[in-house]
Amino acid sequence: LLLQSEKNFSQVLHKIDEFVYYFEYDENNKPQPKYVGNQSKKLIGLTIEQYLKSGHKLLENCHPEEVPKMLAASKKIKKELKPQIEKYRYKLKSWKEYKWIEERIFPQVDSKGKHIGNFGIMRDITEQINAEQKLILEKEKLKLYLDVAGILLIALDANQKVIMVNKKGCEVLGYNEKKIINKN
């Protein structure tokens, strides 16, 4: 039963799109990989061998604006020993554009509560981030059109709460947009 369970688990890890990894710290507090999923090439552009040879220094390929955030997240994980979700831009030199990566990191502790390693799952969220950014731009464009209108315009949701108000609406009501949004 144990062998079948292990085989099934291995099949699942090889079929998913996410890159799964697990490492433990050695006596010098250096991470030592214990498991590296086969999706590394698809997600981060490195084969398992390249990833292991690189010392899994993914930070070098992160967007420069992301590096301080990633270093802070690493310290936070070690300090709080709580799972973290990080989103960051990642790019190999050979790629034209950055990918957005979401990484879920689960600190592993021993029976004494000592941080011994991390289990992680990484996935490509580029399409999701691009769609969100496109929606934000469309909303801003719509707001510009509405602000040009010389009449009061207010949009309400199904619960009769204000979800959008134009510049003229703020002037007529005598409040700024932040005080009007989400009110009924």
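Rules used in this analysis
- Residues numbered from 1 in each chain as written.
- Predicted model: local features only at pLDDT ≥ 70, side-chain atom pairs only at ≥ 80, totals over all residues.
- Heavy atoms only, no water.
- Helix = DSSP H or I, 4+ residues; strand = E, 2+ residues; numbered from the N terminus.
- Buried < 20%, exposed > 50% of the residue type's maximum accessible area, 1.4 Å probe, protein only.
- Contact = heavy atoms within 4.5 Å.
- Areas by Shrake-Rupley, 256 points an atom, 1.4 Å probe, with all protein chains shown as cover.
- Expected span 1.5 Å × (residues − 1).
- Core = buried A, V, L, I, M, F, W, Y, C linked by side-chain atoms within 4.5 Å.

Caption draft 1: Inspection of the overall build of the protein chain at higher detail. The secondary structure content of the protein chain amounts to seven helices and seven strands. What you see in the protein chain, going N to C, is helices and strands ordered as α-β-β-α-α-α-β-β-β-α-β-β-α-α. In terms of overall dimensions, the protein chain has C-alpha extents of about 70 × 40 × 40 Å along its principal axes. For the protein chain, the residues scored as buried account for 29% of the 184 residues in total. Taking as baseline every contact in the protein chain between residues at least 6 positions apart, the subset at least 24 positions apart corresponds to 37%. Carbon and sulfur atoms make up 55% of the accessible area of the protein chain, which totals about 13100 Å².

Caption draft 2: A look at helix α5 (residues 126-148). Between its first and last C-alpha atoms α5 spans 33 Å; for 23 residues at 1.5 Å apiece the expected length is 33 Å, and the two agree. Every buried residue belonging to α5 is among Thr126, Ile129 and Lys143, and all of these are buried.

Caption draft 3: Local environment of the nonpolar core. Counting 19 residues, the largest nonpolar core has Phe19, Ile44, Tyr90 and Met122 as its most contacted members. The biggest single contributor to this core is strand β1 (residues 19-25), with four residues. Setting aside residues no more than four positions away along its own chain, Phe19 makes contact with Val36, Gly37, Gln39, Ser40, Leu43, Ile44, Tyr51, Gly120, Ile121 and Met122.

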